[in-house]
Structure formats: C-alpha cells, structure tokens
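What the coordinates show
Here are the chains, one letter per residue:
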Amino acid sequence: DAGVTQSPTHLIKTRGQQVTLRCSPKSGHDTVSWYQQALGQGPQFIFQYYEEEERQRGNFPDRFSGHQFPNYSSELNVNALLLGDSALYLCASSFSGLTYEQYFGPGTRLTVT
Amino acid sequence: GENVEQHPSTLSVQEGDSAVIKCTYSDSASNYFPWYKQELGKGPQLIIDIRSNVGEKKDQRIAVTLNKTAKHFSLHITETQPEDSAVYFCAAPRGYSTLTFGKGTMLLVSP
C-alpha cells in the first residue's frame, strides 16, 4: 500500500518565478492538506482540498493556490516567488471521516535564490 | 484559533532513560491530539494519537497522556534507543478539519 508521495524531491527557483508541486494521497484517502515547514519550525497550514474544492485556508497570501483532481491528487502552485518561500512543503492526506488523522509525504524542498 | 505550546525545545538523554515532552493547548473543545516523529530529510510520521474520551494510550515503548482540565498532553518514551533521536511534534485540531503544530522538540539519545 503506497503512502503519500510528492514530487519533485528538490527544486531550485529564482525570485519572481512560479512553481508547481504535486502530491498523491495514501490509498483510500480523499482529502489533501498542504503545509509549509521552515527550518527549525513546525509545519504551518496552507490550505486543504476536499471534493476538488478548497475547504479551509491558513494565513497565506493569494500567491499560494492549489487544485485537487478527480483521483484526489493535488497540486500546490506558488506565484511570484520570494526568498522567504524557501522551505519544505509537505502534503498530508486523510479520509474525510477522520480529517484530523493526517499522514505526511516526504516533502518537497524548495529553494528560492 | 488553537494555540499549541511545546516544551522543551531540545532534550538530551542517555540510552535506556525515559523522555517526556509536554504540550499545552488553548481550545477546550479540541478532541484529538497526535504526535509526529520527523527524522532528518523526511516528512513527519504519525506515531501515536489520543482522543479526548481517554486519558492515556500506550503503544509498546511510547505513551501519550491527556489532562483535559489543565489542557495539556504529553508524550512518554521509555527505554530510549539511539534510533529514537529525531524531532517530535505535537498537534491539535485547527478549525473543523486540520491541525496546528507545536514548534517541535529535538530529542537526542546518546549511546
């Protein structure tokens, strides 16, 4: 049973560019949450997708957007990258009946130069 | 919204000792409290969780206790081993469907 997968593993971008990160949830899960983890900090909630809609959002600007596909996989898009966007981006999946019980992928390390 | 405080930020123990990490939360309506272990270069791994209808839960060498009155919960690791070295995060519900995390505790177990 495959767990949560994310791609790519690492990414280097330049300020002002745009980036797309991808996530496939654990088998049987239909809800995807995205988190940003800065070095030495806990994960910070960005947003959550369920039934292809953004269900809940944290304190992140509109430069951060997402999408969920019919197969429950998800994308995180960040526009107009800033140096401060450098972080580990984590995807977590859950089942809609137990959305607090979240399982994380390995993350994508984004470096903005 | 929910606020989670975690202590200590770092913890060093000798192999075989016990380790305890404590978290406090602010929302008395919170009813689910997970603990995650994050090893270097990996995503957080759910290691144990507790719901508010019980006061303690054990799984081999790890246990979690919950004090709803004081609004705190703790992770207990007994007979620590070097492979327990990692960063541990507590979390509590945020809104109706997601989590807010503590800042983490770096646990170092020395042989």
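**What to know about the interface of chain A and chain B**
- Counting from both sides, the interface comprises 25 residues of chain A and, opposite them, 22 residues of chain B.
- Each partner contributes to the roughly 1,800 Å² buried at the junction of chain A and chain B, and carbon and sulfur atoms together form 50% of this total.
- When the buried surface of chain A facing chain B is broken down by residue, Gln56(A), Tyr100(A) and Phe104(A) rank first, second and third, together holding 36% of it.
- Taken together, the links from chain A to chain B amount to 1 salt bridge.
- Glu101(A) is the salt-bridge partner of Arg51(B), the closest N and O atoms lying 3.3 Å from each other.
- The interface formed by chain A and chain B holds 10 residue pairs in polar contact (both at pLDDT 80 or more) in total.
- Among the elements of the structure, β4 (31-37), β5 (44-50), β6 (53-57), β9 (87-94) and β10 (103-104) of chain A are those that each provide at least two residues to the side of chain A that touches chain B.

**Let's talk about the pattern of salt bridges**
Residue and element names in this part refer to chain A.
- Following the criterion strictly, the structure yields 7 salt bridges over all chains and no others.
- Between Arg63 and Asp85 there is a salt bridge whose closest N-O contact spans 2.9 Å. In this pair, Arg63 sits in the loop between β6 and β7 (64-68) while Asp85 sits in the loop between β8 (74-78) and β9, placing the two residues 22 residues apart along the sequence. No difference in accessibility class separates Arg63 from Asp85, as the two residues are buried.

**Details of the nonpolar core**
- With 24 residues, the main nonpolar core has Trp35(B), Phe73(B), Leu75(B), Tyr88(B) and Leu107(B) as its most contacted residues.
- Contributions of two or more residues to this core are made by β2 (10-14), β3 (19-25), β4 (32-38), β5 (45-51), β7 (62-67), β8 (72-77), β9 (86-94) and β11 (105-110) of chain B.
- The contact partners of Tyr88(B), leaving out residues within four places of it in the chain, are Gln6(B), Ile21(B), Tyr36(B), Lys37(B), Ile47(B), Leu75(B), Ile77(B), Gly104(B), Thr105(B) and Leu107(B).
- Listed in part, the 20 residues of the second largest apolar core include Ile46(A), Phe60(A), Cys91(A) and Val112(A).

What counts and what doesn't
Residues numbered from 1 in each chain as written. Chains lettered and ligands numbered in written order. Predicted model: local features only at pLDDT ≥ 70, side-chain atom pairs only at ≥ 80, totals over all residues. Heavy atoms only, no water. Contact = heavy atoms within 4.5 Å. Buried area = accessible area lost by both parts, 1.4 Å probe. Salt bridge = Lys/Arg side-chain N within 4 Å of Asp/Glu carboxyl O. Polar contact = N/O pair within 3.5 Å; in protein donor to acceptor, adjacent residues only side chain to side chain. Helix = DSSP H or I, 4+ residues; strand = E, 2+ residues; numbered from the N terminus. Buried < 20%, exposed > 50% of the residue type's maximum accessible area, 1.4 Å probe, protein only. Core = buried A, V, L, I, M, F, W, Y, C linked by side-chain atoms within 4.5 Å.

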